[in-house]
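If you want the building blocks of each chain, they are given just below.
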Amino acid sequence: MKKIHIVALVAIAAIIAVLISMMGDLSTYETIASARQKQGQPVTVIAKLDRTVPNPIQYDPARNANFTAFYVVDSLGNKAKVEYHFEKPFDMEKSERIVLKGTMKGDIFEITRKDGILIKCPSKYKDDPKAAQNNLSRN
Amino acid sequence: MNYIGEHLFPGQLGHFLLVLSLVSSVVATIAYYRASNAKIVEEQKSWRKLGRLAFLIDAISVVLIFIVIYFIISSHLFEYHYAWNHSDKSLPLGYLISSIWEGQEGSFLLWAIWHGVIGIVLMKTAGKWESPVMTVLSFCQVCLATMVLGIYVFGLKVGSNPFLLTREVFQDAPIFKRPDYLSLASMQDGNGLNQTLQNYWMVIHPPILFLGFASTIVPFAFAIAGLWKKEHYGWTKISLPWSLFSSAILCLGIMMGARWAYESLSFGGYWAWDPVENTSLVAWLVMVAGVHTQVIYNSTGHSLRPTYFFFLTSFLLILYSTYLTRSGDLQDTSVHAFTGSGLNWQLRAFVFVFLLPGYLLYLARYKKIPYIQKEESSYSREFWMFIGSLVLFLSAMFIILFTSLPVVNKIFKTTFTVGSEVEFFYNRIQIFVAIVLGLLTAISQYLRYKDTNKKTFAKKLIVPTLISLVISAAISYLGGINYDRFGIGFLAAIHIALFTAVYATVANAGYIWSGLGGRLKAAGASVGHVGFGIFLVGVLISSSKEEVLSVNFLNPLNFGPDSDQKGTENLTLFKGVRTDMGKYWATYKKDSADKFDKKTYFHIEIEKKDNNKKFTLVPDLIRNTKGQEGLSANPAAKHYWNRDIFSYITYAEVMNADKDTAQFKLHPMANGDTVYYSNGLMVLEKVIPNPVTEEFDFKPTDTAIMADISIHSSSGRTFKANPVFYVKNNVVQYHMDTVFAEGLAIGLSQVIDNKHLGIIVKESSQLTPFIALKVLQFPFINLVWLGTIVMITGFIMSMVRRSKLMKRERVA
């Protein structure tokens, strides 16, 4: 067997080992209900702000600039309170979708990493024609 | 209906040029194809002549399209949707240009322009390869031209046209029922440029990145030409300067984007393994792998098959990245992907129309591609270079696989996602890639092609090895690198990687003398590798020693098992109050606005506790473009040679949507009168006509009075307030005074009669302006930039040398 073949075999073995271990670390998108079943495990949930709550985002930087609480609802209508231990992300009010990465602790979804939130705004790169049209007819 | 005031000519010219560029690129493709396949020399020449002419027309018309768009944007012709949607009147020249590539159409055009330039250079230099190579390039121009066409074929949208009028885009909007719609307020200004793109790096980064994208087609086209014409020798030499150029420019473009992310986007770093970043990185990694196997082939005859494969794949990865970033599929994983534009089928087709013929041709010819039976010696340079290329390629495949999870999910209806530790997910594999690459980079140059004398190899390598051990041990020991968040194993890997990175730097710098006798002209590869080593050192130190300085000592509210992960990263600063920030004091001094009132600047004075050295950071908040209320943060940095201190505003009062609801109360007061407030009382001591103070300089002829009010708080403290009332240009005005400590705003709003003044008082908790600030420290970040520049210099040096050698060969 040639050296190059040995290298190839080693590389393939390494790739398979790495992939298997990485696949194990992948999480899946959960709903709020299924996240509740996985208490304390890192999960990813796609939800949006629960606008039926009068003040869906609570952030009082004068008291604590490192704590934001907000209410979300997922596409199945399940609701949860989220605690995010960082400043309120810019534009959060206008978000139409929020990707949350964290763990469910009881009824509260807790996020302890800064990048545990990804905010999707309707007009991020302004390619949303609906937002533009509203903007046009508003003033 | 005849609309008033529209400028239709630029649009008509633009439409014409779009069609012209499509037609001419189709003609160029066909002509060059015929030229490649023609048997008779005369026929070849005439087809090639036609191909050249058509390609030139295409190149010129693409440039003209760009100029017309720029004219529309810079003349603020908001009847055009592109200008209306992507620019506004307040933008300075540089950002007017960036507005062009805010839209997908503009960035496709940029790409096509660079193809035009590259094509013209190829006509002059590619020699007998011109026809097949230009066939591929012209065909790509056809594809790009359809991206900006904007027509419907059997109900299918083909491309999106940058010359559409605003009224054509929003056909049902009621305002377009009026012929004079252009005079309406909403048409007087555009939506503006996305605030995150209003950064000088965004003027220069996209053109460079797209030059990098465009350049990857050249090695691809040469590879296709080699397979097509079954000429496997020759193209690898002539295309070497091109693949080096591509590596250099793509690297520059990517790192300019990193610099932009570092300076503007408040990601808190230059690299976040964001899918948009990853997709261009993998194309670069594969291109660099290709450069190495190409050099191996040119020197030894080994590794031609992988060279073909890498160059085909690198360009295909660029196309794939175009699909990923523009299709909207990355919405849930990337912070800066485009949203979908309804052209997904076309973007997919763009990938497959190159992928299928490219790989099928490769497979069909695979058996015929020459290779050497005899295997490489373990003491040969080519063997270890090939291993290095393989590692680069595998690392790229690993990154792209997990970046593609959204696509995988779409195809297989799964719901996989990278967990919450996105960066570590990639870092823990890439750190081993760094270790292997660092090691290979260090030793490979000391090996000779074919075989190496083991004794001289060891002798030459021993000095750099020892030096590197000393240096990296010193960094490990003195640098206090103790990044243990992910355990001792990862920390150990960081230290090993640090050694190999230093080793790569030192060994390659040493090789310039010991191996090349100091001949810098020939040292392109060594210089490039030194740069790569420095870059790795910079990445390792700056990432593992990144530090949050703005730890909030005022809010020690975080307890519990993961308290160190719970944020304490934002510091609340009240205006004028010196606040403890670890090794520093921080004071929020004042704020100011720019002339368009788009930006608010916050002046923060930072004082080092141990030596009292002061400096001011001025981060700002920029008002978002029309249609998106709110503000975005722009960081400010203080650069030292060995570290950057980086700060941005995470909260300020101006961001607050719910306004101060406290009301002013009117109190008629005469001299000596007392009024109570919740925390004490205030007395009107006297009235001063036409006062001269720090702020005011009234003349005796003016009409102005100032109230002198003393405030006695229940805590026993006494304050002064001096509201002013004056008449200027027959308009009554008054100037409020505030007592922040008591949350009081006091004004003198009117003169009630010759004894009583109207004093207005508001009590509010929101009176004291404050901000939440985040301050980060990146040590030795400059090594990242320095390494990048040195690496690019190395690529360029090699490129220049190789093209000179090519020229000499051609003359000879």
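Residues numbered from 1 in each chain as written. Chains lettered and ligands numbered in written order. Predicted model: local features only at pLDDT ≥ 70, side-chain atom pairs only at ≥ 80, totals over all residues. Heavy atoms only, no water.

To continue, consider the overall build of chain A. Looking only at helices and strands, chain A features three helices and eight strands. Helices (α) and strands (β) of chain A occur, in sequence order from the N terminus, as α-β-α-β-β-β-β-β-β-β-α. A burial count over chain A gives 45% of its 139 residues as buried. Long-range pairs, those at least 24 residues apart, make up 52% of the contacts in chain A with a sequence separation of at least 6. With an accessible surface of roughly 6600 Å², chain A has 59% of that area assigned to carbon and sulfur atoms. (Helix = DSSP H or I, 4+ residues; strand = E, 2+ residues; numbered from the N terminus. Buried < 20%, exposed > 50% of the residue type's maximum accessible area, 1.4 Å probe, protein only. Contact = heavy atoms within 4.5 Å. Areas by Shrake-Rupley, 256 points an atom, 1.4 Å probe, with all protein chains shown as cover.)

Another aspect to go through is the overall build of chain B. Helix and strand counts for chain B come out as 21 helices and 24 strands. Overall, chain B is about 110 × 80 × 55 Å in size when its C-alpha atoms are taken along their principal axes. Buried positions account for 58% of the 812 residues belonging to chain B. In chain B, 68% of the contacts between residues at least 6 apart in sequence involve partners at least 24 apart. In chain B, 71 positive and 56 negative side-chain charges are present, and the distance between their average locations comes to 16 Å. (Lys, Arg positive; Asp, Glu negative; His and termini not counted. Charge placed at Lys NZ, Arg CZ, Asp CG, Glu CD.)

All names here are of chain B. Per the counting criterion, the structure on display carries 56 aromatic pairs over all chains. When the ring of F309 is compared with that of F310, the centres are 6.1 Å apart and the planes differ by 55°; the resulting orientation is tilted. Overall, the relative accessible area of 3% leaves F310 in the buried class. Here the aromatic cluster, defined as three or more aromatic residues joined through ring pairs, consists of F108, W111, F139, F210, F213, F220, F315, F350 and F354. R381 extends its terminal NZ or CZ atom over the ring of Y449, reaching a point 4.9 Å from the ring centre. (Phe/Tyr/Trp six-rings, centres within 6.5 Å; stacked < 30°, edge-to-face > 60°. Lys NZ or Arg CZ within 6 Å of the ring centre and 35° of its normal.)

Now for unusual backbone geometry. Residue and element names in this part refer to chain B. One non-glycine residue, S303, lies in positive phi territory at about 65°. Mapped onto the elements, S303 comes out in the loop between α12 (275-300) and α13 (304-327). Of the residues examined, S303 reaches a relative accessible area of 13% and is grouped as buried. Of note in the backbone geometry, N612 takes a positive phi value of approximately 60° without being a glycine. With respect to the helices, strands and loops of the structure, N612 is situated in the loop between β8 (599-608) and β9 (614-617). For N612, a relative accessible area of 49% gives the class partly exposed.

This next bit is on the state of the cysteines. Residue and element names in this part refer to chain B. Per the counting criterion, the structure on display carries zero disulfides over all chains. Of the cysteine sulfurs around C140, a residue in no disulfide, the closest is that of C143, at 5.7 Å. The exposure class of C140 is buried, given its relative accessible area of 0%. (Disulfide = S-S within 2.5 Å.)

Here we come to the packing of helix α5 (residues 104-125) of chain B against helix α8 (residues 201-215) of chain B. Each packed pair of helices is defined by two parameters, the angle between the axes and the distance between the axes. Residues and elements named next belong to chain B. Running from N to C, α5 and α8 cross one another at 55°; their axes reach a closest spacing of 9 Å. In terms of axis orientation, α5 runs oblique to α8. In this structure, the crossing between α5 and α8 has a hand that is right-handed. Note on element contacts: α8 touches α5 through P206, P207, F210, L211, F213, A214 and S215, opposite S107, L110, W111, W114, H115 and I118. Residues of the contact of α5 with α8, tallied by class, amount to 10 nonpolar, three polar and no charged. (Axes fitted to C-alpha atoms, helices over the stretch in contact; angles between N-to-C directions. Parallel < 35°, antiparallel > 145°, perpendicular 65-115°, else oblique. Left-handed = near helix turned anticlockwise from the far one by under 90°. Nonpolar A, V, L, I, M, F, W, Y, C, P; charged D, E, K, R; others polar.)

Okay, α5 of chain B next. Structurally, the α-helix is built with 3.6 residues per turn, so residues lying three or four positions apart point the same way. Residue and element names in this part refer to chain B. With 22 residues, α5 should cover 32 Å at 1.5 Å per step; its first-to-last C-alpha distance of 32 Å lies within 8% of that length. Most of α5 sits out of view: 16 of its 22 residues are buried. Looking one or two residues past α5, G127 carries a phi angle of roughly 60°, positive in sign. (Expected span 1.5 Å × (residues − 1).)

Time to look at a nonpolar patch on the surface. Residues and elements named next belong to chain B. A cluster of nonpolar side chains, namely V19, V23, V27, L50, L53 and I57, defines an oily patch on the protein surface of about 450 Å² accessible area. Elements represented by at least two residues in the nonpolar patch include exactly α1 (9-37) and α2 (41-74). Structurally, L50 can be placed in helix α2. (Patch = residues over 30% accessible without salt bridge, like charges linked within 9 Å, V, L, I, M, F, W, Y side chains within 5 Å. Salt bridge = Lys/Arg side-chain N within 4 Å of Asp/Glu carboxyl O.)

The subject of this paragraph is the pairing of strand β6 (residues 97-105) of chain A. Two faces make up the sheet, and in a regular strand the side chains alternate between them. All names here are of chain A. For β6, a buried count of seven out of nine residues is recorded, marking the element as mostly surrounded by other parts of the structure. Taken together, the six bridges between strand β2 (residues 42-49) and β6 define a ladder with antiparallel strand orientation. Opposite T44, over in β6, you have K101 as the bridge partner. Strand direction decides the pairing type here: β6 and strand β8 (residues 117-120), joined by four bridges, are antiparallel. Residue V99 lies in a different strand from β8, and its bridge partner there is L118. Pairing of β6 with strand β7 (residues 108-111), which is carried by three bridges, proceeds in the antiparallel orientation. Along β7, the bridge assignment pairs K105 with I108. (Pairing = 2+ DSSP bridges.)

Let's shift gears to the sheet that holds strand β14 (residues 665-669) of chain B. All names here are of chain B. With respect to topology, four strands assemble into an open sheet ordered β14-β23-β22-β21, the strand pairing being antiparallel. Every interior strand has two partners, whereas the edge strands, β14 and β21 (737-739), have only one. On average, each strand axis in the sheet is inclined to that of its neighbour by 30°, with strand direction left out of account. Of the pairings in the sheet, the one linking β14 to strand β23 (residues 757-763) comprises five bridges and is antiparallel in character. The residue of β23 that forms the bridge with H667 is I759.

Here the focus is the packing of α12 of chain B against α13 of chain B. Residue and element names in this part refer to chain B. At a closest axis distance of 8 Å, the pairing of α12 and α13 adopts a crossing angle of 165°. In this view, α12 runs roughly antiparallel relative to α13, as classed from their interaxial angle. With respect to the hand of their crossing, α12 and α13 are arranged in left-handed fashion. Between α12 and α13, the residues in contact are V276, T279, V282, A283, V286, M287, A289, G290, V291, T293, Q294 and Y297 and L304, P306, T307, F310, F311, T313, S314, L317, I318, S321, L324 and T325, respectively.

What follows concerns the domain arrangement of chain B. For chain B, the domain assignment lists domain 1 (1-198), domain 2 (215-409), domain 3 (419-545), domain 4 (571-658 + 771-778) and domain 5 (665-765). Computed from C-alpha atoms alone, the centre-to-centre distance between domain 3 of chain B and domain 4 of chain B is 37 Å. (Domains from an automatic or database assignment.)

One finds W111, L122, F220, F222, W284, F350 and F354 of chain B to be the most contacted residues of the largest nonpolar core, which totals 205 residues. Ignoring anything within four residues of it in the chain, the contact list for F220 of chain B reads V136, F311, L312, F315, L316 and F354 of chain B. The next biggest cluster of nonpolar side chains, apart from the first, holds 21 residues, and it includes A35, F70, A80 and I117 of chain A. (Core = buried A, V, L, I, M, F, W, Y, C linked by side-chain atoms within 4.5 Å.)

Looking now at the pattern of salt bridges. Close approach of charged atoms allows side chains of opposite charge to pair. Residue and element names in this part refer to chain B. According to the stated counting rule, one finds 16 salt bridges over all chains in the structure shown. E6 serves as the salt-bridge partner of R167, at 2.6 Å between the closest nitrogen and oxygen. With a gap of 161 residues between them, R167 in helix α7 (residues 166-169) and E6 in the segment before α1 connect regions that are remote in the sequence. A single burial state applies to R167 and to E6, both of which are buried. Linking K720 and D708 is a salt bridge whose minimum nitrogen-to-oxygen distance equals 3.5 Å. Residue K720 is located in strand β18 (residues 718-721), and its partner D708 is located in strand β17 (residues 703-713); the two are separated by 12 residues in the primary sequence. Judged by its relative accessible area of 48%, K720 is partly exposed. Since its relative accessible area comes to 7%, D708 is described here as buried.

What follows deals with the side chain of S389 of chain B. All names here are of chain B. Assignment of secondary structure puts S389 in helix α15 (residues 381-403). According to the relative accessible area criterion, S389 is buried, its value standing at 1%. Ignoring any residue separated from it by four or fewer positions in sequence, one finds S389 in contact with A289, H292, T293 and F310.

Our focus in this paragraph is a positive patch on the surface. Residues and elements named next belong to chain B. Together, R519, K521, R801, R802, K804, K807, R808 and R810 make up a region of like positive charge exposed at the surface. Locating R802 in the fold gives a position in helix α21 (residues 781-811). On the accessibility criterion, R802 (34% relative accessible area) is partly exposed.

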